[in-house]
Amino acid sequence: MTDYDVLVVGGGPAGLSAALNLGRSLARVLVVDADRPRNAATLNSHGFLTRDGVPPFELRRIAREELAAYSNVEIRSRVRVGGLTTTDAGFTAGIGRREPFEHVTARSVLLATGLRETLPDVPNLRGFYGMSLFSCAACDAWELRGRSLALIGESADLADRARLIAHWTPRLTVFTNGSDTLSTAEEAELAAAGATVVRSPIAELIGERGRIEAVRTVDGDEHAIDGGFVRPEWEADLSFLDGILPERDAYGHLVTDRSGRTSIRGLYAAGDVAAPGPQQLIVAAGAGARVAAVITHDAIGVATAH
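What you are looking at is a predicted structure, and each value in this text was computed from that prediction instead of being measured.

For the rest of this paragraph, the subject is the overall build of the protein. On a plain count of helices and strands, the protein comes out with six helices and 17 strands. Taking the principal axes of the C-alpha coordinates as reference, the protein spans close to 65 × 45 × 35 Å. Per-residue burial over the protein gives 48% buried out of 306 residues. Restricting the contact set of the protein to residue pairs at least 6 apart, pairs at least 24 apart contribute 57%. Carbon and sulfur atoms form 51% of the exposed surface of the protein, whose accessible area is close to 15,200 Å². Of the side-chain charges in the protein, 31 are positive and 39 negative, and the distance between the mean point of each set is 6 Å.

Here you go:
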């Protein structure tokens, strides 16, 4: 007999939502949470029905408070998974803050670790991130609608990001920070849509107390803005899988079927660590609930749509 029916790795909205629904399905659940959420810098979250505008940490607090009512659900905070291996009965995981790790067993594992993000190399960017510069247009563009906005990034999809953000404002300046990520054709297309492209590297961001006012480039130009967006680079940190090699896509995200099953039997994924969709808390929570139902059905051996 395993220690737990399901080990949930990650205590964000996907993992906590899954834990709630698994607990209600009588599963013995362990949630292991490193407690380093990617949205830690965000003051308010948006788009979550009944919780619009609530700080992300408050959503997590409420979720944990609700889970405390389920004696079959255990949460361990500030703890990481140091290794995960398969066994005949399911999986063995090493968990703890540091080695030597405690070892626990589980019949199934749900990976809800989210993504690790790397921001563009721009001086003092973190002083504004989460307050007046954001990464999710669906989450934060409403509050910035119609204003003079910046988009800072160096990724290959920067033009698409610019087209998206331009939906909320006709005054957009795209900063490539000295990279050649935008082609001349893309720049011309953005210019025709009213967006300005600035290719010079950024020297500094100007503003006070988290409120950005301008972007200064190395050539000395200052571009006044009222807020904006950053395009980070995202990657899944799954180094703890220890030789388990579930299928991944070209961007390193776990490949799952529409029900959250990975290519490894008994290993599931939900939220941003899986092939990405909109990076919103409510989307991740919904994915966690959906995969929880699939895990329950798989354990019982039934295939239903409900």
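Across the sheet, which stays open at both edges, the five strands sit in the order β8-β15-β9-β10-β11 with parallel pairing between neighbours. With partners counted over all chains shown, the strands left at the sheet margins are β8 (133-134) and β11 (196-198), one partner each. The pairing of strand β9 (residues 149-153) with strand β10 (residues 172-175) spans four bridges and is classified as parallel. Each residue of the ladder has a partner; that of Ile-152, found in β10, is Phe-175. Across the face of the sheet, helix α4 (residues 158-165) comes into contact with β9, β10 and β15 (227-231) while running at roughly 160 degrees to β9.

With that out of the way, let us pick up the pattern of salt bridges. For the structure on display, the rule yields 21 salt bridges. Here Arg-231 makes a salt bridge to Asp-157, at a shortest N to O gap of 3.0 Å. Of the two residues, Arg-231 sits in strand β15 while Asp-157 sits in the loop between β9 and α4, which places them 74 residues apart along the sequence. For Arg-231, a relative accessible area of 12% corresponds to the buried category. Here Asp-157 falls in the partly exposed class, since its relative accessible area comes to 25%. Residues joined in a network through salt bridges with shared partners are Asp-33, Asp-35, Arg-60, Arg-64 and Arg-78.

A separate point is the packing of aromatic side chains. Summed over all chains, the structure comprises one aromatic pair. When the centroid spacing of 6.3 Å and the interplanar angle of 55 degrees are considered together, the rings of Phe-134 and Phe-229 count as tilted. Of this pair, Phe-134 sits in strand β8 while Phe-229 sits in strand β15, placing them 95 residues apart in sequence. Among the residues examined, Phe-134 registers a relative accessible area of 11% and is labelled buried. Between the NZ or CZ atom of Arg-145 and the centre of the ring of Trp-142, over which it lies, the distance is 3.7 Å.

Now for the state of the cysteines. Counted by the stated rule, this structure contains one disulfide. Across the disulfide, Cys-136 is cross-linked to Cys-139 (sulfur-sulfur distance 2.3 Å). Between Cys-136 and Cys-139 the sulfur-sulfur dihedral comes to about 70 degrees; the bridge is accordingly right-handed. Of the two residues, Cys-136 and Cys-139, both sit in the buried class.

Examined against the element boundaries, Ser-132 turns out to sit in the loop between β7 (116-118) and β8. Accessibility expressed as a relative area gives 2% for Ser-132, which makes it buried. At a separation of 2.6 Å, a polar atom in the side chain of Ser-132 contacts the main-chain carbonyl oxygen of Gly-210. Here Ile-212 takes part through its backbone nitrogen, which lies 3.0 Å from a polar atom of the side chain of Ser-132. Residues contacting Ser-132, with those up to four places away along its chain left out, are Leu-144, Gly-210, Arg-211, Ile-212, Gly-227 and Gly-228.

As a further point, take the sheet that holds strand β13 (residues 211-217). Within a sheet, neighbouring strands are paired by backbone hydrogen bonds and run either parallel or antiparallel to one another. Spatial ordering of the open sheet is given by β12-β13-β14, a layout of three strands whose pairing is antiparallel. Looking at strand neighbours, the two that pair on one side only are β12 (202-208) and β14 (222-224), the edges of this open sheet. For this sheet, the mean angle separating the axes of adjacent strands, direction not counted, is 25 degrees. Relative to β13, β12 is paired through six bridges, and the arrangement is antiparallel. Directly across from Glu-208, in β13, lies its bridge partner Arg-211.

By the bridge criterion, five bridges tie strand β1 (residues 4-9) to strand β6 (residues 102-111) in an arrangement that is parallel. Bridging from a neighbouring strand, Val-6 pairs with Ser-108 of β6. As paired elements, strand β5 (residues 91-96) and β6 share five bridges and run antiparallel to each other. Bridging from a neighbouring strand, Thr-92 pairs with Thr-105 of β6.

The next point concerns the packing of α4 against helix α5 (residues 184-192). In contact at an axis separation of 10 Å, α4 and α5 are set at 5 degrees when each is read in the N-to-C sense. Classified by the angle their axes make, α4 and α5 are roughly parallel. Of α5, the residues touching α4 (which contributes Ala-159, Ala-162 and Arg-163) are Glu-186, Glu-189 and Leu-190. Of the residues contributing to the contact of α4 with α5, the split by class is three nonpolar, no polar and three charged.

Thresholds applied
Residues numbered from 1 in each chain as written. Predicted model: local features only at pLDDT ≥ 70, side-chain atom pairs only at ≥ 80, totals over all residues. Heavy atoms only, no water. Helix = DSSP H or I, 4+ residues; strand = E, 2+ residues; numbered from the N terminus. Buried < 20%, exposed > 50% of the residue type's maximum accessible area, 1.4 Å probe, protein only. Contact = heavy atoms within 4.5 Å. Areas by Shrake-Rupley, 256 points an atom, 1.4 Å probe, with all protein chains shown as cover. Lys, Arg positive; Asp, Glu negative; His and termini not counted. Charge placed at Lys NZ, Arg CZ, Asp CG, Glu CD. Pairing = 2+ DSSP bridges. Axes fitted to C-alpha atoms, helices over the stretch in contact; angles between N-to-C directions. Salt bridge = Lys/Arg side-chain N within 4 Å of Asp/Glu carboxyl O. Phe/Tyr/Trp six-rings, centres within 6.5 Å; stacked < 30°, edge-to-face > 60°. Lys NZ or Arg CZ within 6 Å of the ring centre and 35° of its normal. Disulfide = S-S within 2.5 Å. Polar contact = N/O pair within 3.5 Å; in protein donor to acceptor, adjacent residues only side chain to side chain. Parallel < 35°, antiparallel > 145°, perpendicular 65-115°, else oblique. Nonpolar A, V, L, I, M, F, W, Y, C, P; charged D, E, K, R; others polar.

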